[in-house]
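# Structural features, examined
Each chain is listed here by its residues.
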Amino acid sequence: MARALCSRKRHIVSVEMPKQYREGYREILSADASVVDLHKLGPIFYSFGSQLLNFEHPEGTDIAKCLLKTFQSRFRKIMDSSQNALNEDNSQLTERLDETEKVLFCAGQKGLNNFLRWEKRETEKLVMSAMVQNHRKRKRAIMERS
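Nothing here was measured: the structure is a model prediction, and the numbers come from that model.

### Some points on the nonpolar core
- With 14 residues, the main nonpolar core has Tyr-21, Leu-29, Leu-38, Phe-45 and Leu-67 as its most contacted residues.
- For this core, the secondary-structure elements that each account for two or more residues are α3 (38–41), α4 (45–52) and α5 (60–84).
- If we skip the residues at most four places from it in the chain, Leu-38 touches Leu-29, Pro-43, Phe-45, Tyr-46, Thr-70, Arg-74, Arg-96, Asp-98 and Glu-101.

What follows is the structure, encoded as structure tokens:
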């Protein structure tokens, strides 16, 4: 709705850039994004920032670059933490993360758990997928008609 109200045709409202996306915070993030508490800046920092890009703001390209660079610089630390904190209390590790980063952290831990289960041979037996079974049945039916 805000995008429609702020379009070039109808300039009914104007969009003011939130403080966490302004130049001062972008400089802090570009210096060392791994020490910044993104949850404190906004629990949906990346999602909200990408939604701001829909408004033709003069600083849009700078914001986009900052979001990408921030994510790239924090990615390795998040994945390392998720792989090295298997059976520990993760609340201290995840409290400073954005929601997107928390999902990434959980995916890393789930992948590690699945790998460890596979390594210990605790996974289920491999079975043929339903799609392959149905394909074979259809192929057999076509061959029987010929």
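After that view of the structure, there is still more to cover.
### As for the layout of surface pockets
- Reported here for the largest pocket is a volume of approximately 220 Å³.
- Together, Ser-34, Val-35, Val-36, Arg-74, Lys-77, Ile-78, Ser-81, Gln-92, Leu-93, Arg-96, Leu-97 and Phe-105 line the largest pocket.
- At the level of elements, α5 and α6 (91–94) are the ones that each hand at least two residues to the lining of the largest pocket.
- With four residues, the top contributor of residues to the lining of the largest pocket is α5.
- In terms of residue class, the lining of the largest pocket is made up of six nonpolar, three polar and three charged.

### Regarding the packing of α4 against α5
- The contact between α4 and α5 brings their axes to 9 Å, and the two run at 160 degrees. Considering their axes alone, α4 and α5 lie roughly antiparallel with respect to each other. Our pair here, α4 against α5, has a crossing hand that is left-handed. Packed against α4, whose contacting residues are Phe-45, Tyr-46, Gly-49 and Ser-50, the element α5 presents Ile-63, Leu-67, Thr-70, Phe-71 and Arg-74 at the interface.
- Among the residues forming the contact of α4 with α5, the class breakdown is five nonpolar, three polar and one charged.

### Description of the environment of Tyr-21
- Mapping Tyr-21 onto the fold places it in the loop between α1 (2–5) and α2 (23–32).
- Residue Tyr-21 is classed as buried on the basis of its relative accessible area, which comes to 3%.
- Between the alpha carbons of Tyr-21 and Gly-49 there is a distance of 7.4 Å; along the sequence they are 28 residues apart.
- In this structure, Tyr-21 is in contact with Arg-26, Ile-44, Phe-45, Phe-48, Gly-49, Leu-52, Glu-59, Ile-63 and Leu-67, ignoring residues within four places of it in sequence.
- Only 3.2 Å separates the side chain of Tyr-21 from the backbone nitrogen of Gly-49, close enough to count as a polar contact.

### Examining the side chain of Asn-90
- Looking at the secondary structure, you find Asn-90 in the loop between α5 and α6.
- On the accessibility criterion, Asn-90 (17% relative accessible area) is buried.
- Among the polar contacts listed, one links the side chain of Asn-90 to the side chain of Gln-109, at a separation of 2.9 Å.

### Brief notes about the packing of α2 against α5
- One can describe the packing of α2 onto α5 by two numbers: an axis separation of 10 Å at closest approach and a directional angle of 30 degrees. As judged from the angle between their axes, α2 and α5 are roughly parallel. Considering the relative orientation of α2 and α5, their crossing is left-handed. Only Asp-62, Ile-63, Cys-66, Lys-69 and Thr-70 of α5 make contact with α2, whose side of the interface consists of Arg-26, Leu-29 and Ser-30.
- Here the contact of α2 with α5 is built from residues that sort into three nonpolar, two polar and three charged.

### Considering the side chain of Thr-94
- Tracing the sequence through the fold places Thr-94 in helix α6.
- If we ignore the near neighbours within four places in the chain, the residues touching Thr-94 are Lys-102 and Phe-105.

Cut-off values and rules
- Residues numbered from 1 in each chain as written.
- Predicted model: local features only at pLDDT ≥ 70, side-chain atom pairs only at ≥ 80, totals over all residues.
- Heavy atoms only, no water.
- Core = buried A, V, L, I, M, F, W, Y, C linked by side-chain atoms within 4.5 Å.
- Buried < 20%, exposed > 50% of the residue type's maximum accessible area, 1.4 Å probe, protein only.
- Helix = DSSP H or I, 4+ residues; strand = E, 2+ residues; numbered from the N terminus.
- Contact = heavy atoms within 4.5 Å.
- 1 Å grid on protein atoms, 1.4 Å probe; cavity = no way out; pocket = protein on both sides within 12 Å on 5 of 7 lines; lining within 4 Å.
- Points joined across faces, edges and corners; volume = space filled by probe spheres on them.
- Nonpolar A, V, L, I, M, F, W, Y, C, P; charged D, E, K, R; others polar.
- Axes fitted to C-alpha atoms, helices over the stretch in contact; angles between N-to-C directions.
- Parallel < 35°, antiparallel > 145°, perpendicular 65-115°, else oblique.
- Left-handed = near helix turned anticlockwise from the far one by under 90°.
- Polar contact = N/O pair within 3.5 Å; in protein donor to acceptor, adjacent residues only side chain to side chain.

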